[in-house]
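# Tertiary structure, described
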Amino acid sequence: MGNRRCSEVAPPPLVTATLATTMHRMSGGRFALGLGRGFDMLFDVMGLSRVTEAQLDDFIGIMRRLWRGEAVVGHDGPAGSYPYLSQDPAFREDIPIMLVAMGERTLEFAGRVADGVVLHTFFTDRTLARAVSSIRRGAAAAGRDPASVRVWSVLATVGDHLDEEARLRKLLPRNPGRACAGQP
């Protein structure tokens, strides 16, 4: 369920909250909701509205309220207008929210609002260190313990049964000029 939840192609918050609650319970509490802003250029090409930090922040707030059993009444914010949203008032779900992030601004935002951050697969060691620093800086700016934000770095593995050309196609970023913004 790592999807751009705050766009016109995403399910409404109550659907997402209910699906996440179901997955969380079915997995024995091991589920985390993954969110991401997506890529502005891709949204532009598809004619869709870009996802903003304000939309994600608002959406995350709605999710957390629903998972605490609160009703969301008369909501009108960046994530949308909702007259009434509610799950079971007895709910006390503790579902982590993971934000996929690459750029410095989004990494800092993730540190402010998310329980964890999923980083890009092809970060260099130096870029990884800068990314973690941005996340920690965002958490500290929000008055959060920077160490409380989990950081996941994705590891790519490719079997040695492939010829060199096929291995390189799988290991190298698809667009080396744009991969890992800010990376030297």
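Residues numbered from 1 in each chain as written. Predicted model: local features only at pLDDT ≥ 70, side-chain atom pairs only at ≥ 80, totals over all residues. Heavy atoms only, no water.

### Focus on helix 5 (residues 125–141)
Compared with the 24 Å implied by 1.5 Å per residue over 17 residues, the 24 Å span of helix 5 between its first and last C-alpha is a close match. Here helix 5 has its buried residues at Thr127, Ala131, Ser134, Ile135, Gly138 and Ala139. When helix 5 is viewed along its axis, its buried side chains cluster within an angular range of 135 degrees and face the same direction. For helix 5, the exposed residues lying more than 90 degrees away from the buried face are Asp125 and Arg126. Residues of helix 5 that are buried sit in contact with helix 4 (104–113), strand 5 (116–119) and strand 6 (150–153). Downstream of helix 5 by one or two residues, Gly143 has phi in the positive range, about 75 degrees. (Helix = DSSP H or I, 4+ residues; strand = E, 2+ residues; numbered from the N terminus. Expected span 1.5 Å × (residues − 1). Buried < 20%, exposed > 50% of the residue type's maximum accessible area, 1.4 Å probe, protein only. Arc of directions from axis to C-beta. Contact = heavy atoms within 4.5 Å.)

### Comments concerning the packing of helix 4 against helix 5
At a minimum axis separation of 6 Å, helix 4 and helix 5 run at an interaxial angle of 45 degrees. By the angle between their axes, helix 4 is oblique relative to helix 5. For the element pair helix 4 and helix 5, the recorded crossing hand is right-handed. Each of Glu104, Leu107, Glu108, Gly111 and Arg112 in helix 4 lies in contact with helix 5, whose residues at this interface are Ala131, Ser134, Ile135, Arg137, Gly138 and Ala139. Along the lines of polarity and charge, the residues of the contact of helix 4 with helix 5 split into four nonpolar, three polar and four charged. (Axes fitted to C-alpha atoms, helices over the stretch in contact; angles between N-to-C directions. Parallel < 35°, antiparallel > 145°, perpendicular 65-115°, else oblique. Left-handed = near helix turned anticlockwise from the far one by under 90°. Nonpolar A, V, L, I, M, F, W, Y, C, P; charged D, E, K, R; others polar.)

### Description of the confidence of the model for the chain
A residue-level look at the chain finds 88% of positions with pLDDT of 70 or above and a mean pLDDT of 86. Across residues 1–9, where pLDDT falls below 50, the model places 30 contacts with residues more than four positions away in sequence or in other chains. (pLDDT = per-residue confidence, 0-100.)

### Thoughts on a nonpolar patch on the surface
A grouping of Phe39, Leu42, Val45 and Met46 is seen on the molecular surface, where their side chains present a nonpolar patch of about 420 Å² in accessible area. We classify Phe39 as partly exposed; its relative accessible area is 48%. (Patch = residues over 30% accessible without salt bridge, like charges linked within 9 Å, V, L, I, M, F, W, Y side chains within 5 Å. Areas by Shrake-Rupley, 256 points an atom, 1.4 Å probe, with all protein chains shown as cover. Salt bridge = Lys/Arg side-chain N within 4 Å of Asp/Glu carboxyl O.)

### Brief notes about the pairing of strand 5
Side chains Gly116 and Val118 project from strand 5 onto one buried face, and the interleaved Val117 and Leu119 project onto a second face that is buried too. In terms of strand pairing, strand 4 (residues 97–100) meets strand 5 through three bridges, oriented parallel. The residue of strand 5 that forms the bridge with Val100 is Val118. Crossover strand 4 to strand 5 through helix 4 is right-handed. Two strands pair when backbone bridges link them, and strand 5 and strand 6 are joined in this way by four bridges, in the parallel orientation. Residue pairing in the sheet places Val117 in a bridge with Val151 of strand 6. Assessed by its sense of winding, the connection that carries the chain from strand 5 through helix 5 to strand 6 is right-handed. (Pairing = 2+ DSSP bridges. Right-handed = clockwise from strand over helix to strand, strands pointing away.)

### Topic: the packing of aromatic side chains
Remark: the centre distance and the inter-plane angle together describe each pair of aromatic rings, the angle taken between the planes. Under the defined criterion, the tally for this structure stands at zero aromatic pairs. The ring of Phe91 has Arg25 lying over it, and the distance from NZ or CZ to the ring centre is 4.3 Å. (Phe/Tyr/Trp six-rings, centres within 6.5 Å; stacked < 30°, edge-to-face > 60°. Lys NZ or Arg CZ within 6 Å of the ring centre and 35° of its normal.)

### Topic: the sheet that holds strand 1 (residues 33–36)
Across the sheet, which stays open at both edges, the four strands sit in the order 1-4-5-6 with parallel pairing between neighbours. This sheet does not close on itself; its edge strands, each paired only once, are strand 1 and strand 6. On average, adjacent strands in this sheet sit at an angle of 25 degrees to one another, irrespective of strand direction. Contacting strand 4 and strand 5, helix 4 runs over the sheet at an angle of about 175 degrees to strand 4.

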